[in-house]
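The primary structure of each chain is shown beneath.
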Amino acid sequence: HVPYKLPQSVLILGYRTNIRVDSKQYFSMCVLNKYLGGGYESSFIREIREKHNLVYTISSEYDWYKGIMVVNSGINFDDYNTVVSLIEQCINDVKNGKVDIELLEAVKTQMISEQMEAEDNLINLIEIVNLKYFFKKQTINNKKKIDKIKSILVDDLIKAAQYLILDTIVIVGKE
């Protein structure tokens, strides 16, 4: 019996940020994550999926407990080098000040909407407890969070992007 070789693989890129919830750059990193791949409308989706048609799926997640960002994608194994290069290019574009203002504003609007929706959400309440008791951090109310998101500018994204350091690459698939 010969194993069937699937062309689809899972590609994961892990970035150290060292930006945690108690950092001045916390909200900038949250917006940067959403801008790059944290939502349906993102740089990775536009550039790698829609423009180049190289991924089945792609997203990013920011873990503020650990200070890391992880990019997950479903790719054709043979496109590995191209996809990694394009992910890095999207990040480098932000580092170099090439930010789509329309996308940034759409991302901030989405985040504000999500924040308003989460105000009475149990997960949000757990986050507040974690911040207060585990991190000994003073929590801020929803209005202040929304104001912080609204205040994020292109320069804030550029500064946050400077903290992204590629640490780990995992590819699973082909065989």
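Residues numbered from 1 in each chain as written. Predicted model: local features only at pLDDT ≥ 70, side-chain atom pairs only at ≥ 80, totals over all residues. Heavy atoms only, no water.

Here the focus is the pairing of strand β2 (residues 55–63). Relative to strand β3 (residues 68–76), β2 runs antiparallel, the two being bridged by 8 bridges. Looking at β3, one finds that E61 is bridged to V70. Between β2 and the antiparallel strand that follows it, β3, lie 4 residues; G67 among them carries a positive phi value of about 70°. (Pairing = 2+ DSSP bridges. Helix = DSSP H or I, 4+ residues; strand = E, 2+ residues; numbered from the N terminus.)

On to the nonpolar core, then. Grouped together as the largest cluster of nonpolar side chains are 44 residues, with contacts concentrated most on L32, L36, F44, I48, I87 and L157. With 8 residues, the top contributor of residues to this core is helix α1 (residues 26–36). Not counting residues within four places of it along the chain, the set of residues in contact with I48 comprises S43, N53, L54, V55, I58, V83, L86, I87 and C90. (Core = buried A, V, L, I, M, F, W, Y, C linked by side-chain atoms within 4.5 Å. Buried < 20%, exposed > 50% of the residue type's maximum accessible area, 1.4 Å probe, protein only. Contact = heavy atoms within 4.5 Å.)

Looking at the second largest pocket, its volume works out to about 210 Å³. Mapped onto the lining of the second largest pocket, the elements with two or more residues apiece are α2 (43–51) and α3 (80–95). Of the residues contributing to the lining of the second largest pocket, the split by class is 4 nonpolar, 2 polar and 6 charged. (1 Å grid on protein atoms, 1.4 Å probe; cavity = no way out; pocket = protein on both sides within 12 Å on 5 of 7 lines; lining within 4 Å. Points joined across faces, edges and corners; volume = space filled by probe spheres on them. Nonpolar A, V, L, I, M, F, W, Y, C, P; charged D, E, K, R; others polar.)

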